[in-house]
Amino acid sequence: MANPYAPPGESAADLWLEKSNLDGAFLGGVAYGAHIAVFAQCFYTIATRLRSGKDVPSRSRWLLGFITVLFAMGSLNIACNTKMTQLMFIDNRGYPGGPNAWFFANYNYGVNTAGNAAYAVSSFLADGILLWRTYIVWNRLWIVAFPSLVYLASTAMSIMVVIQSSRPNGTLWSSSTVQFTLPYFVFSISLNLMLTLLLVGRLLYMSHRTKKALGAEHGAAYISIAAMLVESATPFAVTSVIFIITYAQNSNVQNLILPVLGQIMCINPEVIILRVATGRAVSSRGSSSGTRGATATTMKFKDGVVGRQDTSRSPSEASEDPTLAGPGSMTFASKSDIFRDLKDTV
């Protein structure tokens, strides 16, 4: 039965588009609530360490500033989206053609452009710290050479999307913008998957070398860290793939996904920083807790000769430093030492 109170002159397709925009704004608010919780815990953890003055990583202040800027960009994005929703459905609901008509006619409105710019900056920061973390773990420029090119291409595409969509009669779905929007999202998700695989592959390799040198029971710390990276990257990867598919098909489902994606993109690096700062990464072997203060051991894998070993801890506490001291050598420390070191390299 037809709804006698339905907006006059609007088809079922028009109403579905309006519903997707309104529901997407609500889902974005839910995701922002999760973002607030993660940021607050992350900020509190790092700030507490800074106030204590004990065992403070050299980059803690930098990380504190980073997550603050990232949270500010996520907040600006959701605030601008909320304002546009208000303008669509409240302030200009009598616009000829309905809220959708007003939205497309005013997509280049300053508030909306600011929200798109905040999204682009968030993407730049989130992808940038992942690229930097990959370089720190591998310590080889040639490894991150191609990902760096993809990162630059993704950044360039995001800038063009903001510029094109802010022009008169421009939207995220106009032909002049789509030619940059789709490549941007493809570059962004490809970069994240590429860097995550590089990180996980390196950690699994280091775990293998540790087990080979010290026994099968060793190397669990690296499995934990690899699991942490995969767990943190999965929500962003899945959400991004869904958005790319729905955007390419011009499905209204994209309106449900995009506001959520903007927050998940910020949450992803904050979760990794938080879990490393608290020294927690779940794996099938248990938590990452351990005894601090153990002395590192340097072992040489050359001509089959193994150097001095540290006897101040049990063999089960030994694992490899993920940053590698140099070609042909590795540093072994307790699992808690690894997480403490990673706080300086996240």
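As a starting point, this report considers the structure included with it. (Residues numbered from 1 in each chain as written. Predicted model: local features only at pLDDT ≥ 70, side-chain atom pairs only at ≥ 80, totals over all residues. Heavy atoms only, no water.)

Here Asn139, not a glycine, exhibits a phi torsion of approximately 60°, which is positive. Under the relative-accessibility criterion, Asn139 is labelled partly exposed at 47%. Residues other than glycine seldom take positive phi values, yet Asn169 does so here, at roughly 65°. Mapped onto the elements of the fold, Asn169 is located in the loop between helix H5 (141-165) and helix H6 (175-214). Judged by its relative accessible area of 72%, Asn169 falls in the exposed class. (Buried < 20%, exposed > 50% of the residue type's maximum accessible area, 1.4 Å probe, protein only. Helix = DSSP H or I, 4+ residues; strand = E, 2+ residues; numbered from the N terminus.)

Turning our eyes to something else, we now look at helix H1 (residues 12-52). The first and last C-alpha atoms of H1 sit 60 Å apart over 41 residues, in line with the 60 Å expected at 1.5 Å per residue. Positioned one or two residues after H1, Gly53 has a phi angle of 70°, which is positive. (Expected span 1.5 Å × (residues − 1).)

What follows deals with the side chain of Gln254. Among the structural elements, Gln254 can be located in helix H8 (residues 254-277). Contacts of Gln254, omitting those with residues within four sequence positions, involve Trp173, Phe243, Thr246 and Tyr247. (Contact = heavy atoms within 4.5 Å.)

Our focus in this paragraph is the packing of helix H4 (residues 110-138) against H5. Contact pair H4 / H5: the axes reach a minimum separation of 10 Å and the direction vectors enclose 180°. Between H4 and H5, the angle is such that the two are roughly antiparallel. Of the residues in H5, those in contact with Thr113, Asn116, Ala117, Ala120, Phe124, Asp127, Gly128, Leu131, Thr134, Tyr135 and Trp138 of H4 are Leu141, Ile143, Val144, Pro147, Ser148, Tyr151, Ser154, Thr155, Ser158, Val162 and Ser165. In terms of residue class, the contact of H4 with H5 is made up of 12 nonpolar, nine polar and one charged. (Axes fitted to C-alpha atoms, helices over the stretch in contact; angles between N-to-C directions. Parallel < 35°, antiparallel > 145°, perpendicular 65-115°, else oblique. Nonpolar A, V, L, I, M, F, W, Y, C, P; charged D, E, K, R; others polar.)

Okay, the packing of aromatic side chains next. Throughout the structure, instances matching the rule amount to 16 aromatic pairs. Measuring from ring centre to ring centre gives 5.6 Å for Phe243 and Tyr247, while their planes differ by 25°; the resulting arrangement is stacked. Taken together, the positions of Phe243 and Tyr247, both in helix H7 (residues 220-248) and four residues apart, correspond to about one turn of that helix. You can call Phe243 buried: its relative accessible area is 1%. We classify Tyr247 as buried; its relative accessible area is 6%. Here the aromatic cluster, defined as three or more aromatic residues joined through ring pairs, consists of Tyr119, Tyr184, Phe185, Phe243 and Tyr247. The residue whose ring lies beneath Arg202 is Trp138, and the NZ or CZ to ring-centre distance is 4.7 Å. (Phe/Tyr/Trp six-rings, centres within 6.5 Å; stacked < 30°, edge-to-face > 60°. Lys NZ or Arg CZ within 6 Å of the ring centre and 35° of its normal.)

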